[in-house]
Amino acid sequence: MNIGVPREIKNNENRVAMTPAGVVTLESAGHRVFVETGAGLGSGFTDEQYIAAGAEIVSTAGEAWQQEMVMKVKEPLSEEYKFFYEGLILFTYLHLAPEPELTKALIDNKVVSIAYETVQLDNGSLPLLTPMSEVAGRMASQIGAQFLEKPKGGRGVLLSGIPGVRRGKVTIIGGGVVGTNAAKIAVGLGADVTIIDLNPERLRQLDDIFGSTINTFMSNPLNIAEALEESDLVIGAVLIPGAKAPKLVSEDMIKSMREGSVIVDVAIDQGGIFETTDRITTHDDPTYNKHGVLHYAVANMPGAVPRTSTIGLTNVTVPYALQLANKGYRKACTENKALLKGINTLDGFVTYKAVAEAHKLDYAEVDSILQDS
Ligand SMILES: NC(=O)C1=CN([C@@H]2O[C@H](COP(=O)(O)OP(=O)(O)OC[C@H]3O[C@@H](n4cnc5c(N)ncnc54)[C@H](O)[C@@H]3O)[C@@H](O)[C@H]2O)C=CC1
Ligand SMILES: CC(=O)C(=O)O
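The residue numbering used here restarts from 1 in each chain and proceeds along that chain's sequence as written. Chains carry letters from A onward and ligands carry numbers from 1 onward, assigned in written order. Only residues with pLDDT of at least 70 are given local features in this predicted model, and only at 80 or more are side-chain atom pairs given and counted; all residues enter the totals for whole chains, interfaces and linings.

## A closer look at the sheet that holds strand β1 (residues 2-5)
In sheet architecture, strand pairing relies on hydrogen bonds along the backbone and comes in two forms, parallel and antiparallel.
At step 1: Two strands pair if DSSP finds at least two bridges between them. Secondary structure is summarised from DSSP: a helix means a run of H or I of at least four residues, a strand means a run of E of at least two, and numbering begins at the N terminus for each. Strand order in the open sheet made by the eight strands is β3-β2-β1-β4-β5-β6-β14-β15, with mixed pairing throughout. Edge strands, defined here as strands with exactly one partner in the open sheet, are β3 (56-58) and β15 (349-350).
At step 2: Note that strand β14 (residues 343-346) and β15 share two bridges and pair antiparallel. Pairing of Leu346 across the sheet is with Phe349, part of β15.

## Description of unusual backbone geometry
At step 1: Unusually for a residue other than glycine, His291 sits at a positive phi of about 55 degrees.
At step 2: With respect to the helices and strands, the residue His291 is situated in the loop between β12 (287-290) and β13 (293-296).
At step 3: Three classes are used. A residue is buried when 20 or more other C-beta atoms lie within 10 Å of its own, exposed when 12 or fewer do, and partly exposed in between, with C-beta atoms placed from the backbone. Residue classification places His291 among the partly exposed residues on the basis of 15 C-beta atoms within 10 Å.
At step 4: Not every positive phi belongs to a glycine, and Asp347 is a case in point at roughly 50 degrees.
At step 5: Structurally, Asp347 is set in the loop between β14 and β15.
At step 6: A tally of 17 C-beta atoms within 10 Å means that Asp347 is categorised as partly exposed.

## Quick look at the environment of Val350
At step 1: Tracing the sequence through the fold places Val350 in strand β15.
At step 2: Sequence separation between Val350 and Ser113 is 237 residues; the distance between their C-alpha atoms is 9.6 Å.
At step 3: Whether two residues are in contact is decided by their C-beta atoms, placed from the backbone, lying within 7 Å. Not counting residues within four places of it along the chain, the set of residues in contact with Val350 comprises Thr103, Ile107, Asn344, Thr345, Val355, Ala356, Leu361, Tyr363 and Ala364.

## Section: the site of ligand 1
At step 1: Around ligand 1, the surrounding shell holds 34 residues, and the nearest of these are Ser133, Gly176, Val178, Ser219 and Met301.
At step 2: Contributions of two or more residues to the shell around ligand 1 are made by α5 (130-147), α6 (177-188) and β8 (192-197).
At step 3: In terms of residue class, the shell around ligand 1 is built from 21 nonpolar, nine polar and four charged. Using a C-beta atom placed from the backbone, a residue is described as near a molecule or strand when that atom lies within 6 Å of it. Residue polarity is assigned by list, with Asp, Glu, Lys and Arg as charged and Ala, Val, Leu, Ile, Met, Phe, Trp, Tyr, Cys and Pro as nonpolar; anything else, Gly included, falls into the polar class.

## Describing the sheet that holds strand β10 (residues 233-236)
At step 1: Across the sheet, seven strands lie side by side as β9-β8-β7-β10-β11-β13-β12; this open sheet has mixed pairing. Since the sheet does not close on itself, it has two edges, and those belong to β9 (214-218) and β12, each with one partner. Between one strand axis and the next, the sheet turns by 20 degrees as a mean value, whatever way the strands run.
At step 2: Direction of pairing for β10 relative to strand β11 (residues 262-265): parallel, over a ladder of four bridges. By the bridge assignment for β11, Ile235 is matched with Val264.
At step 3: Axis lines are fitted through C-alpha atoms, for helices just across the contact stretch, and the angle between N-to-C directions can take any value from 0 to 180 degrees. The strands touched by α5 are β7 (169-173), β10, β11, β12 and β13; relative to β11, the strand with the most contacts, the crossing angle is about 155 degrees.
At step 4: Against the sheet, helix α7 (residues 200-210) makes contact with β8 and β9, and its axis sits at roughly 175 degrees relative to β9, the strand it touches most.

## Focus on the nonpolar core
At step 1: In this structure, Val5, Ile235 and Val266 are the most contacted members of the largest nonpolar core, which totals 117 residues.
At step 2: The biggest single contributor to this core is helix α10 (residues 306-335), with nine residues.
At step 3: Composition of this core by domain shows at least three residues from each of domain 1 (2-118 + 306-372) and domain 2 (130-299).
At step 4: When residues no more than four places from it in sequence are discounted, the contact partners of Val5 are Val16, Ala17, Met18, Val33, Phe34, Val35, Glu36, Ala39, Ala64 and Met71. One nonpolar core equals one set of buried Ala, Val, Leu, Ile, Met, Phe, Trp, Tyr and Cys residues connected by C-beta atoms within 7 Å. Domain ranges listed in this record stem from an automatic or a database domain assignment.

## Remarks on the pairing of β11
At step 1: On β11, burial covers both faces: Val262 and Val264 on one face and Ile263 and Asp265 on the other are all buried.
At step 2: Here three bridges tie β11 to β13, and the two strands are oriented parallel to one another. The residue bridging Ile263 from the neighbouring strand is His295, located in β13.

## Let's talk about the domain arrangement of the chain
At step 1: What the domain assignment reports for the chain is domain 1 (2-118 + 306-372) and domain 2 (130-299).
At step 2: Across the boundary between the two partners, domain 1 contributes 16 residues, which contact 13 residues of domain 2.
At step 3: For the side of domain 1 that touches domain 2, the element with the most residues is α10, which contributes six residues.

## Considering the UniProt feature "active site" (unreviewed entry) in the chain
At step 1: UniProt positions are given in the numbering used here, feature names are shortened, and annotations may be inferred rather than shown by experiment. Under the feature "active site" (unreviewed entry), the UniProt entry names His95 and Asp269. Look at the named residues: they lie 175 residues apart in sequence, but the longest C-alpha span between them is just 6.4 Å, so in the fold they bunch up.
At step 2: By the secondary structure assignment, His95 is in the loop between β5 (89-92) and α4 (100-108).
At step 3: The residues contacting His95, other than those within four sequence positions of it, are Glu75, Glu117, Asp269 and Gln270.
At step 4: A count of 27 C-beta atoms within 10 Å places Asp269 in the buried class.
At step 5: In this view, Asp269 contacts His95 and Ala299; residues no more than four positions away in its chain are not counted.

## A look at α6
At step 1: In this model α6 runs 17 Å from its N-terminal to its C-terminal C-alpha over 12 residues, within 8% of the 16 Å that 1.5 Å per residue would give.
At step 2: A large share of α6 lies buried, amounting to nine of its 12 residues.
At step 3: Looking only at α6, the buried set comprises Val177, Val178, Gly179, Thr180, Asn181, Ala182, Ala183, Ile185 and Ala186.
At step 4: In this fold, the buried residues of α6 make contact with α5, β7, β8, α7, β9 and β10.
At step 5: Immediately downstream of α6, the backbone of Gly190 shows phi near 95 degrees, a positive value. A helix is expected to reach a length of 1.5 Å times the quantity of its residues less one.

Below is the structure:
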């Protein structure tokens, strides 16, 4: 199969969908990889390294996009929709629930879109989301600590406190991969950390992992409201796979927070969990102030640490790409149920239920389309 790797064009998105090591894996199996010139530079991979690995360098995005399968990191931006064609296999993060226009473009052009974030193993885990959630979770506490500094607009709180001065309070809503990794860093910084989750079993696991270094609470509006009033930093880390994030924090709760507190809504890629995170921000201009609270809502946080993120991401995506390339998407997805769950659009239909519900579009079962065709 011919595989295209375009350069990412989102603001400060320095990751790339394939490393030279990934090229070697695919080329060794008889496939051809076409990398847009300069695509790897942000992650420290030169065109020469890709050529040495066996890739062909193409000078335009269009040449990368005309291959049978295109691998990307971020969802296509509107200026990339012109590259869609019927039967194109697009393997990337998509986050379609908050993206009606992208969903429509994929359906209208009958793209076979396979979303990294909905590839799901039998145990419910999301193997192609996990490494980037690890990165974003760790960054969330780091970034929160930074924006709490007065010159950055925060209330001037040092999360660790000092002897004689109390520690800063961090509340993490959602105790999955992002939440756990945010907690690791926040605990390491010496903060007073609370994790709120809906799943009692998950709260037990977190209690086992962190012991008395964190507090755990069941997710309900009262517990969230009480935790927010006292928090210096709140991190949004909830996910319902494929669906629009639930708005768990109301505008009134935000108003109850102290001036200069910070929220980092990591779940913004699925629409965000705060009523007041009504827009996505960029690494160039990452925060805005609403009701005296600094809001950080960057949807591609790992793009700021591309070397770590690109290697972490491709460690997990390349083995799936190899299956798609070796077998074609029909056979690969029929034989691998985790990959099957990644298909979000196929033959002009939405095949992921939560995405169809988010946009009030007809939903078609992916199995039945694969059997019929
Ligand atoms: N902004 C960015 O750059 C990035 C964003 N993300 C996003 O971060 C979000 C979280 O991802 P993961 O941690 O990997 O998901 P996960 O599935 O590991 O964890 C989600 C957690 O939310 C909990 N949850 C569900 N409903 C809840 C509720 N009503 N109240 C409290 N907790 C609830 C679940 O029990 C689970 O523990 C996703 O939207 C993901 O796409 C991930 C990486 C980068
Ligand atoms: C998960 C995601 O969308 C990202 O890493 O940018």
